[in-house]
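Chains, contacts and geometry: an overview
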Amino acid sequence: MRFLLTGLIWIVFVGGLWGYTTQRDAALPQGPAQPAAPKVLSGSYVLEITPSFSIEKDPFALALDDDASQPPGLEIRLNGRLLEVDAEQIKRGQVIRITKNLNLSQGFNEFYVKASPPMAETDLDHGLRVRLLDRGGPVVDQTVWGSSGSVVAGTVSFSLAAHKEEVHD
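Note that this is a predicted model, so its numbers are computed, not measured.

Calculation criteria
Residues numbered from 1 in each chain as written. Predicted model: local features only at pLDDT ≥ 70, side-chain atom pairs only at ≥ 80, totals over all residues. Heavy atoms only, no water. Buried < 20%, exposed > 50% of the residue type's maximum accessible area, 1.4 Å probe, protein only. Helix = DSSP H or I, 4+ residues; strand = E, 2+ residues; numbered from the N terminus. Pairing = 2+ DSSP bridges. Patch = residues over 30% accessible without salt bridge, like charges linked within 9 Å, V, L, I, M, F, W, Y side chains within 5 Å. Areas by Shrake-Rupley, 256 points an atom, 1.4 Å probe, with all protein chains shown as cover. Salt bridge = Lys/Arg side-chain N within 4 Å of Asp/Glu carboxyl O. Core = buried A, V, L, I, M, F, W, Y, C linked by side-chain atoms within 4.5 Å. Contact = heavy atoms within 4.5 Å.

A few points about the pairing of strand 6 (residues 126-134)
- Of all 9 residues in strand 6, 7 are buried; the element is thus mostly enclosed.
- Examined bridge by bridge, strand 1 (residues 45-51) and strand 6 share 7 bridges and lie antiparallel to one another. Across the sheet, residue Pro-51 finds its bridge partner in strand 6, namely Leu-128.
- Both strand 6 and strand 7 (residues 137-146) contribute to a ladder of 9 bridges, which runs antiparallel. Opposite His-126, over in strand 7, you have Gly-146 as the bridge partner.

What follows is the structure, encoded as structure tokens:
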């Protein structure tokens, strides 16, 4: 009789635990969660980059093979995607304007900028002014600094909301 009672208690406990876990796991989604596609904002956005130094190619950058050219002295990324910039002869104070391929998403966005100052200016601090304009007005205005001639690199993070449509009578 004791063996029968012990077996019945095991069946109740183990069966109850098995029933609980199968019911709990049935409510979980099947497969990995898929992120929602970010909503791309439309607008007349303009990205302006103004260096406080003449941009040169980084002499310490690694080239992958012997035939490859050195990477450019200026790198700009929007949310991890590389933006194409012609950065061959950029002088101190010259404003670089980027208007195409600015697919800004609603919510969090981030610019990553990296530029190499001249080797002759290793004793100076340098900066890159990053401005994002929408309809002529500034949305973001931040400066990324590098000290003692080091490569100027940093991120500029910001959030954008969708424009409210204006109704005029």
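Observations regarding a nonpolar patch on the surface
- Residues Leu-5, Leu-8, Ile-9, Trp-10, Val-12, Phe-13 and Val-14 make up a contiguous nonpolar surface patch of about 780 Å² in total accessible area.
- Along the chain, Phe-13 falls in helix 1 (residues 2-26).
- Exposure remark for Phe-13: the relative accessible area of 62% places this residue in the exposed category.

A short note on the nonpolar core
- Within the largest apolar cluster, 27 residues are counted, with the highest numbers of intra-cluster contacts made by Leu-47, Ile-49, Ile-76, Leu-104 and Phe-111.
- Only strand 1, strand 2 (74-78), strand 4 (96-98), strand 5 (107-115), strand 6, strand 7 and strand 8 (152-160) provide two or more residues apiece to this core.
- Residue contributions to this core peak at 4 residues, all from strand 8.
- Setting aside residues up to four positions removed in sequence, Ile-49 forms contacts with Ile-76, Gln-94, Val-95, Ile-96, Val-113, Leu-128, Arg-129 and Val-130.

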